[in-house]
Amino acid sequence: MVNVGEMAMWAGWIATILGLVALVVKPIVGSFTKISENLTKISHTLDLVNKDLESSKSDRQSIHDELRVHDERLDRHSEQLVSHDEQLKTLFKGGNRHANDK
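Residues numbered from 1 in each chain as written. Predicted model: local features only at pLDDT ≥ 70, side-chain atom pairs only at ≥ 80, totals over all residues. Heavy atoms only, no water.

*Asks:* So what about the overall build of the protein chain? Which residues, and what values?
*Replies:* Within the protein chain, the regular secondary structure consists of one helix and zero strands. The C-alpha radius of gyration computed for the protein chain amounts to 43 Å, which surpasses the reference 13 Å derived for 102 residues by more than 25%, pointing to a less compact arrangement than a globule. In terms of its C-alpha atoms, the protein chain occupies a principal-axis envelope of roughly 150 × 15 × 10 Å. Evaluated residue by residue, the protein chain yields a buried proportion of 1% over its 102 residues. Roughly 9,700 Å² of accessible area belongs to the protein chain as shown, and the carbon and sulfur atoms make up 64% of that amount. Distance between charge centres in the protein chain, computed from 13 positive and 15 negative side chains, equals 4 Å. (Helix = DSSP H or I, 4+ residues; strand = E, 2+ residues; numbered from the N terminus. Rg over C-alpha atoms; globule rule 2.2 N^0.38 Å. Buried < 20%, exposed > 50% of the residue type's maximum accessible area, 1.4 Å probe, protein only. Areas by Shrake-Rupley, 256 points an atom, 1.4 Å probe, with all protein chains shown as cover. Lys, Arg positive; Asp, Glu negative; His and termini not counted. Charge placed at Lys NZ, Arg CZ, Asp CG, Glu CD.)

Dropping the structure here:
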């Protein structure tokens, strides 16, 4: 014969296990799912930021290269100015000497 008390005990165990799953395990699994989704989004965002940083790095490098070219041009012009200044000084000295010779 089926013992009603024993059936009630098993029904209680099953209800307890289902309640534990519904109240404890399901929210924890849901939280892990949300955390996993957020980590995936953060990983994607970090990849985009890394690409932007690499692009910025190449831009900075090209700017530095252009600045180096401009600095070299300025140095050449500075040297030419010094050379022209020396030529002018030589011309004026030479011009004064010819004026004094007359």
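*Asks:* Got a sec to walk through a negative patch on the surface? Specific residues and values, please.
*Replies:* Taken together, D71, E72, D75 and E79 make up a surface patch of like negative charges. Residue placement: E79 occurs in helix α1 (residues 4-101). Take E79: its relative accessible area is 56%, and that puts it in the exposed class. (Patch = residues over 30% accessible without salt bridge, like charges linked within 9 Å, V, L, I, M, F, W, Y side chains within 5 Å. Salt bridge = Lys/Arg side-chain N within 4 Å of Asp/Glu carboxyl O.)

*Asks:* So what's going on with the pattern of salt bridges? Which residues, and what values?
*Replies:* Taken as a whole, this structure holds two salt bridges when the rule is applied. Salt-bridge contacts for R68 lead to D65; the nearest nitrogen and oxygen are separated by 2.8 Å. Here D65 and R68 lie together in helix α1, a separation of three residues that amounts to about one turn. Looking at D65, the relative accessible area reads 29%, which means it is partly exposed. The salt bridge partner of D85 is K89, with a shortest N-O separation of 3.8 Å. With D85 and K89 both in helix α1 and four residues apart, this pair spans about one turn of that helix. Accessibility expressed as a relative area gives 36% for D85, which makes it partly exposed.

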